[in-house]
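Take a look at the letters that make up each chain.
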Amino acid sequence: MQRNKLDDRMELFGTADTSSIKDNLCAVFHKAIGAAYPDIVDPPVIVTTSSNPKFGDYQCNSAMPLAQQLSSFGKSTKQTPRDVAKEIMSKLKVFSVVEKYEIAGAGFINVYLKREFGQSVLRSWLWAGQVLPPYVKKKRVIVDFSSPNIAKEMHVGHLRSTIIGDSIARLLEYLGHDVLRLNHVGDWGTQFGMLIAHLRDKFPNYLTHAPPIQDLQTFYKESKTRFDEDKEFKKRAYECVVKLQAFEPDITKAWKMICDVSRQEFEKVYARLDIKLIERGESFYQRHMESIVAELELKNMLEEDNGRKVMWGEKHGSGIPLTIVKSDGGFTYDTSDMAAIKHRVEQERADWLIYVTDAGQSLHFQMLESCAKRAGILKSFHRMDHVGFGVVLGEDKKKFKTRSGDTVKLSELLDEGLKRALQKLKEKERDKVLSKDQLKAAQESVAYGCIKYADLLHNRNHEYVFSFDKMLEDKGNTAVYLLYALTRIRSIARTANITKDELRQRLHEIPISLEHEKEWKLAKVLLKFPDIILGINEDLYLHPLCEFCYEISCAFMEFYDKCYCVEKNQSGEIVKVNIGRLLLAEATALVLEKCFSLLGLKPVAQM
Ligand code: ARG
């Protein structure tokens with residue numbers, strides 16, 4: 001039988017796996033509290049990381065609420081939180097992760113991690129050559145993100161959705177979920193009637209000669225003007241919609257042609273940002289829309305409202321109902337989302353649905369969830385999340401626009417990023433040391449990395465100010481700083497002339513060095529990785545991962561400052577290599593690399 005890396009790891013390092021320290025501690029305290037106070041049902045178990053090393057590495061803060069609960073039971077002998085903490089302490093079992101517990105202040109229990117535990121986790125990562133994901137229950141997840149609209153410009157809002165959605169998908173894939181990345185493009189609806197009617201008038205032989213409609217925006221504007229001003233044109237536009245919905249071949253061809261122009265533009269952006277996703281736009285659900293309407297009609301869930309057919313969620317009268325059929329008989333965005341949710345749950349067998357759009361659509365998704373529950377499509381075990389985000393602002397704190405007031409073209413924004421990144425690299429005279437190819441790789445890594453990172457760094461609920469100057473700074477929590485930090489870490493082993501494989505072999509003989517205060521501090525930061533990832537699996541907020549990257553880099557710099565890894569004599573020859581420390585540096589690089597890959601950053605070997 002073939003052995004895999006995991007077998008080796010288990011044999012060498014016992015049970016050390018990448019699991020949550022917090023969850024483990026919660027379980028330990030839960031047991032102890034249960035033993036100390038068997039009468040209390042569902043006792044509060046609160047474990048946090050300590051804000052100050054004086055208070056250990058983790059803290060259990062359950063004694064305070066427990067004491068309060070006990071006193072409300074009217075026990076004759078009153079217990080102070082400190083008494084309660086003592087009681088819990090007496091029930092704590094020896095636990096391989098913990099060096100010691102201690103009571104502090106009003107009744108906190110401080111927890112100090114054991115170095116041996118840190119050793120075994122970091123060793124298992126080094127041995128595997130990667131940071132192994134913590135265990136989660138696997139789900140079939142659909143991440144609906146990016147989702148721009150055909151014939152309209154893909155704007156910065158879509159850029160946010162693309163960056164956030166991609167990172168969420170990367171993280172869920174890493175955790176082992178079965179992820180389907182869907183691009184729900186807006187490629188259906190009445191606007192296509194006017195676009196197609198205009199195309200037929202302007203380029204009557206479009207079926208044989210591809211028309212030059214590269215500038216779809218202008219084309220869209222022209223057709224819209226005609227639609228608003230010319231009654232006869234409007235009528236023809238409506239006829240086109242009807243024919244499109246009936247899949248008439250010529251009209252369908254015109255529609256495809258228009259979609260292709262937009263698609264090519266979108267694809268360019270995705271290729272540059274290394275985004276993978278499957279296009280399955282609103283048009284895909286055309287037939288499904290017809291059947292969902294029939295189904296809802298049959299279930300008596302649609303209501304007449306000024307000629308429209310609307311659907312309320314589980315609470316009638318709360319929110320805004322979905323418009324399922326317009327007064328002219330057409331379908332809407334809501335209809336396509338109802339059809340899509342049914343398809344995703346029933347055909348794609350998803351048990352977790354994620355939608356990444358601007359926060360402005362949160363009510364839409366609340367209503368969608370509520371209606372889907374009411375219609376029996378979503379069951380109690382399904383999870384649905386609307387991952388909303390705030391608007392992008394310019395440096396003037398106003399909505400992000402070009403000087404002339406137009407929306408900013410994404411391709412131009414990316415070009416600008418490239419230009420600025422190159423400037424930055426030249427300022428640092430990197431063009432003098434890097435080859436042409438290396439410089440280009442560094443330029444792209446910095447440009448796209450900084451745009452993504454600046455977005456992900458902020459709590460996504462907040463609006464954020466887009467500033468190339470800020471995101472390209474090489475100090476503080478920026479992609480540039482972090483990318484440099486990683487290349488610097490990697491260069492240490494290179495200076496020492498030691499390959500990754502050689503390092504891995506040395507794991508057998510040499511312990512990872514965790515004795516020095518700064519070494520242990522760095523290791524403890526790295527050990528938080530599983531908890532950070534599990535947190536995101538819960539709430540889908542990515543900024544803690546960015547803060548974590550920065551925390552790692554800072555802890556590494558402190559370590560590197562105080563602890564020699566490679567010692568040289570005055571003539572620059574290497575006299576001593578501290579392998580235990582190189583191992584710690586390598587573990588740091590593995591964690592940082594993993595974080596970068598989850599954030600969609602592409603580190604380069606040299607920059
Ligand atoms: N095309 C929409 C927009 O630009 C976003 C679609 C999001 N996904 C969905 N299933 N509704 O706002």
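Residues numbered from 1 in each chain as written. Predicted model: local features only at pLDDT ≥ 70, side-chain atom pairs only at ≥ 80, totals over all residues. Heavy atoms only, no water.

- Identification of the protein chain as Probable arginine--tRNA ligase, cytoplasmic from Temnothorax curvispinosus is taken from an unreviewed UniProt entry.
- Checking UniProt for the protein chain, the heading Catalytic activity (unreviewed entry) contains the comment "tRNA(Arg) + L-arginine + ATP = L-arginyl-tRNA(Arg) + AMP + diphosphate".
- Check the Subcellular location (unreviewed entry) section of the UniProt entry for the protein chain; it says "Cytoplasm, Cytosol". (UniProt positions renumbered as here; feature names shortened; annotations may be inferred.)

**Side note on the sheet that holds strand 8 (residues 303–305)**
Stage number 1. Across the sheet, three strands lie side by side as 8-9-10; this open sheet has antiparallel pairing. Since the sheet does not close on itself, it has two edges, and those belong to strand 8 and strand 10 (322–325), each with one partner. Taking each pair of neighbouring strands and ignoring which way they run, the sheet shows an average axis angle of 50°.
Stage number 2. Examined bridge by bridge, strand 8 and strand 9 (residues 308–311) share three bridges and lie antiparallel to one another. Across the sheet, Glu303 pairs through a bridge with Val310, a residue of strand 9.
Stage number 3. Helix 13 (residues 362–374) contacts strand 9 and strand 10 of the sheet and is inclined by roughly 60° relative to strand 10. (Pairing = 2+ DSSP bridges. Helix = DSSP H or I, 4+ residues; strand = E, 2+ residues; numbered from the N terminus. Axes fitted to C-alpha atoms, helices over the stretch in contact; angles between N-to-C directions. Contact = heavy atoms within 4.5 Å.)

**Side note on the environment of Leu159**
Stage number 1. Tracing the sequence through the fold places Leu159 in helix 6 (residues 156–174).
Stage number 2. Leu159 gets classed as buried once you look at its relative accessible area, which sits at 4%.
Stage number 3. Spatially, the C-alpha atoms of Leu159 and Gln79 are 56 Å apart, while their sequence positions differ by 80 residues.
Stage number 4. Non-local contacts of Leu159, meaning those with residues more than four positions away in its chain, are made with Leu273, Leu410, Leu413 and Ile451. (Buried < 20%, exposed > 50% of the residue type's maximum accessible area, 1.4 Å probe, protein only.)

**Looking at the pattern of salt bridges**
Stage number 1. This structure, assessed with the given rule, holds 44 salt bridges.
Stage number 2. As a salt-bridge pair, Lys268 and Glu265 come within 3.1 Å of each other at their nearest N and O atoms. You can see Lys268 and its partner Glu265 sitting in helix 10 (residues 249–273), three residues apart, about one turn around the helix.
Stage number 3. A cluster of three or more residues bridged by salt bridges with shared partners is formed by Asp166, Arg170, Glu173, Arg181, Asp274, Lys276 and Lys602. (Salt bridge = Lys/Arg side-chain N within 4 Å of Asp/Glu carboxyl O.)

**A closer look at the nonpolar core**
Stage number 1. Core analysis: the largest hydrophobic core is formed by 200 residues, its most contacted members being Met338 and Ile354.
Stage number 2. Here the element with the most residues in this core is helix 22 (residues 579–599); it accounts for 14 residues.
Stage number 3. Contact partners of Met338, with chain neighbours within four places excluded, come to Ile292, Leu296, Met311, Leu322, Ile324, Leu368, Cys371, Ala372, Ala375 and Ile377. (Core = buried A, V, L, I, M, F, W, Y, C linked by side-chain atoms within 4.5 Å.)

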